[in-house]
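Read off the chains here:
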Amino acid sequence: MIADNLDRIVPVIQESNQTNHEEIFLDRNEQLKGLKCHIVYTVPISMLYSKRTNDLRDIYGDAQVLPMIMVRTKEGNLYQPGFNKVKEVISKRVGQFAPTRSLETDIFESPEALERLCLMSGGHVRNLLLETVYKESIKKAYLN
């Protein structure tokens, strides 16, 4: 079982000066671990780099961080190798239904729109594919 999107829980500092993330993942770990099945939890990345990271490791073991493709540098500039890789993923995905069409002119309304999609994904392939599927379905409707 996968408990997805727990990483999107908005952090709230409680009166005890503890966050709701700490309450969920640390204080209530017996409930989370009590399910009689294999389970994967998504955890806010801030928890993995917090002062409680060792507690998390003791309770759950080592965390597995899913990689993402770097599309921007730390300074916020375009990281061309990563951007090219994201564009390649889109090209392969779109190529399944329109192998002879150009991404920049036939599938997207402009090269800038394609660039916005690549950057909007933040380098997360899952987000990229979800956005691409949406964009593809819109464009497909216009192509037919």
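Provided above is the structure to which this section pertains.
Now for a description of the structure that goes with this document. (Residues numbered from 1 in each chain as written. Predicted model: local features only at pLDDT ≥ 70, side-chain atom pairs only at ≥ 80, totals over all residues. Heavy atoms only, no water.)

1. Details of the packing of helix 5 (residues 80–95) against helix 7 (residues 111–120)
Moving on, step 1. Closest axis-to-axis distance for the helix 5/helix 7 pair is 10 Å, and the angle between their directions is 105°. When the axes of helix 5 and helix 7 are compared, the pair comes out roughly perpendicular. In contact with Phe83, Val86, Lys87 and Ile90 of helix 5, helix 7 contributes Leu114, Glu115, Leu117, Cys118 and Leu119.
Moving on, step 2. Grouping the amino acids of the contact of helix 5 with helix 7 by side-chain chemistry returns 7 nonpolar, no polar and 2 charged. (Axes fitted to C-alpha atoms, helices over the stretch in contact; angles between N-to-C directions. Helix = DSSP H or I, 4+ residues; strand = E, 2+ residues; numbered from the N terminus. Parallel < 35°, antiparallel > 145°, perpendicular 65-115°, else oblique. Contact = heavy atoms within 4.5 Å. Nonpolar A, V, L, I, M, F, W, Y, C, P; charged D, E, K, R; others polar.)

2. Examining the pattern of salt bridges
Moving on, step 1. Summed over the entire model, instances satisfying the criterion amount to 8 salt bridges.
Moving on, step 2. Between Arg57 and Asp62 there is a salt bridge, and its shortest N-O distance comes to 3.3 Å.
Moving on, step 3. Assessed through its relative accessible area of 59%, Asp62 is described here as exposed.
Moving on, step 4. Glu88 is the salt-bridge partner of Lys85, the closest N and O atoms lying 3.3 Å from each other. With Lys85 and Glu88 both in helix 5 and 3 residues apart, this pair spans about one turn of that helix.
Moving on, step 5. With a relative accessible area of 32%, Glu88 lands in the partly exposed category.
Moving on, step 6. What you see here is one network of salt bridges that share partners, running through Glu22, Arg52 and Asp55. (Salt bridge = Lys/Arg side-chain N within 4 Å of Asp/Glu carboxyl O. Buried < 20%, exposed > 50% of the residue type's maximum accessible area, 1.4 Å probe, protein only.)

Limitation: the analysis is restricted to geometry and does not speak to function.
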